[in-house]
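Architecture at a glance
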Amino acid sequence: MRKKPKKIDNIEGRLIRKQIKLRRRDDVYVFGQYISMSADKARRVIDQIRGHSYEHTLMILELMPYRACYPIFKLIYSAAANASHNKGFNKANLIILKAEVNKGAAMKRLKPQARGRSYLIKKTTCHINIVLRDMSYFEDFRQLMKNVSEYDQDRVINELRGEQIDLDMVETLWAKK
């Protein structure tokens, strides 16, 4: 008799989907949807703050002359407040791990013109996704890596690559101090 592999494959597929949806405990996610500005204008600001610390990001956003800075500032400030209140993170240890801007729906309005005509005006919106990560747990890792030979450092880095951890962030953090 032949076994039915469909149920086994289906169960494995569900497990894989659940693993993809799992979020890290040291990450804080914030989503701003339907923000009334162009995605390109918001992306110009987001590209400047990606990878910086929370405090440095707030200074950058306060000093930049773009209109897109205020909604992004509010999102990051809210995410940090949620991180400190809900998860007990220190705001000084947060960094902007991931920041992306996607196009949203365009609101269509009609502008009256001469001779009874009307022209379409598209008011664009965008969705902003920001992920903050608490980097305090990397302090012990940094101290450990300073005391290890280069060969062992390379082995650890290769193992971390298999786990898909953002290595550029880790290497810059232990190189700073």
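Located above this text is the structure these notes cover.
Fair warning: this is a prediction, and the values are worked out from it, not measured in the lab. (Residues numbered from 1 in each chain as written. Predicted model: local features only at pLDDT ≥ 70, side-chain atom pairs only at ≥ 80, totals over all residues. Heavy atoms only, no water.)

So, about the side chain of His 127. Along the chain, His 127 falls in strand 5 (residues 126-134). Among the polar contacts made by the side chain of His 127, one reaches the main-chain amide nitrogen of Tyr 34 at a distance of 3.1 Å. (Helix = DSSP H or I, 4+ residues; strand = E, 2+ residues; numbered from the N terminus. Polar contact = N/O pair within 3.5 Å; in protein donor to acceptor, adjacent residues only side chain to side chain.)

This brings us to the environment of Arg 67. With respect to the helices and strands, the residue Arg 67 is situated in the loop between helix 3 (54-63) and helix 4 (69-86). Residue classification places Arg 67 among the exposed positions, given a relative accessible area of 62%. On a C-alpha basis, the gap between Arg 67 and Lys 41 in space is 8.6 Å, while along the polypeptide they are 26 residues apart. Setting aside anything within four residues of it in sequence, one finds Arg 67 in contact with Ser 36 and Met 37. Within the structure, the side chain of Arg 67 is placed 2.9 Å from the backbone oxygen of Ser 36, a separation counted as a polar contact. (Buried < 20%, exposed > 50% of the residue type's maximum accessible area, 1.4 Å probe, protein only. Contact = heavy atoms within 4.5 Å.)

On to the packing of aromatic side chains, then. A full pass over the atoms with the stated rule returns one aromatic pair. Here the aromatic rings of Phe 73 and Tyr 77 are separated by 6.1 Å at their centres, their planes lie at 15°, and the arrangement is stacked. Note that Phe 73 and Tyr 77 are positioned in helix 4 at a spacing of four residues, about one turn of the helix. Look at Tyr 77 and you get partly exposed, because its relative accessible area is 44%. (Phe/Tyr/Trp six-rings, centres within 6.5 Å; stacked < 30°, edge-to-face > 60°.)

Here we come to helix 3. Every buried residue belonging to helix 3 is among Tyr 54, Thr 57, Leu 58, Ile 60 and Leu 61, and all of these are buried. Along the axis of helix 3, the buried residues cluster in a sector spanning 165°; they form a single face. Residues of helix 3 that are exposed and point over 90 degrees away from its buried face: Glu 62 and Leu 63. (Arc of directions from axis to C-beta.)

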